[in-house]
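Here are the chains, one letter per residue:
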Amino acid sequence: YWITLSEQNKGYATQASNALIRYCFGTLSAAQVVIGHAVDNIASQKVIEKLGFKLCGTRPNILELPNGRIVDDKIYFKTDLSDLPELQVTWDGS
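Residues numbered from 1 in each chain as written. Predicted model: local features only at pLDDT ≥ 70, side-chain atom pairs only at ≥ 80, totals over all residues. Heavy atoms only, no water.

### Notes on the pairing of strand S3 (residues 70–78)
Counted only if it meets this: Two strands pair under a simple rule: DSSP has to find at least two bridges between them. Secondary structure follows DSSP: runs of H or I at least 4 residues long count as helices, runs of E at least 2 residues long count as strands, and numbering of each begins at the N terminus.
Pairing geometry for strand S1 (residues 33–38) and S3, over six bridges, is antiparallel. Bridge pairing links Ile35 to Tyr76 in S3. Here strand S2 (residues 54–64) hands over to S3 after five residues, with Gly68 in that stretch at a positive phi of 90°.

### Regarding helix H2 (residues 42–50)
Note the following rule: Any residue under 20% of the maximum accessible area for its type is buried, any over 50% is exposed, and the rest in between are partly exposed; the area is computed with a 1.4 Å probe on protein chains only. The directions considered for the arc run from the helix axis to the C-beta atoms. Contacts: residue pairs with any heavy atoms within 4.5 Å of one another.
Of the residues making up H2, those classed as buried are Ser44, Gln45, Val47 and Ile48. Projected down its long axis, H2 carries its buried residues within an arc of 160°, all on one side. In H2, the exposed positions angled more than 90 degrees off the buried face are occupied by Ala43, Lys46 and Lys50. The elements touched by buried residues of H2 are helix H1 (12–26), S1 and S3. Immediately beyond the C-terminal end of H2, within one or two residues, lies Gly52, with a positive phi of roughly 85°.

### Here we look at unusual backbone geometry
Residues other than glycine seldom take positive phi values, yet Asn9 does so here, at roughly 65°. Mapping Asn9 onto the fold places it in the segment before H1. Relative accessible area serves as the criterion here: at 81%, Asn9 is assigned to the exposed category. We note that Ser29 has phi near 55°; this positive angle belongs to a residue other than glycine. Among the secondary structure elements, Ser29 is positioned in the loop between H1 and S1.

### Some points on the confidence of the model for the protein
Put simply, the test is: The predictor's confidence in any single residue is recorded as pLDDT, a number from 0 to 100.
Scored by pLDDT, the protein has a mean of 93; 96% of the residues are at 70 or more. Highest mean pLDDT in the protein belongs to S3 (98); lowest belongs to H1 (95).

### Observations regarding the packing of aromatic side chains
Basically, it comes down to this: Planes of paired rings set the category: under 30 degrees apart is stacked, over 60 is edge-to-face and the rest tilted, where pairs are Phe, Tyr or Trp rings (Trp by its six-membered ring) whose centres lie within 6.5 Å. When the NZ atom of lysine or the CZ atom of arginine is within 6 Å of a ring's centre and also within 35 degrees of its normal, the charge is said to sit over that ring.
Summed over all chains, the structure comprises zero aromatic pairs. The positively charged end of Lys78 is found above the aromatic ring belonging to Phe53, 6.0 Å away from the centroid.

Right under this line is the structure:
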């Protein structure tokens, strides 16, 4: 996910990710969901931890940022809906 600067810190990344996780486990019957973030991206780390993911490890020098810099990637996993906050958004499917 990427949120434009003017819309950051409003919960959009958390809510969108929450909905996708529920879709993965509920509709797709996924056994596991994996997510990662650039090691210095603390905002993404907070979203991931808020959603109850557990740290799996770090992949060194694997992500290329838009500025061309190569950085480490922290990888997290989740195997069920436990520790997932209540979804705050609804939609009618249209």
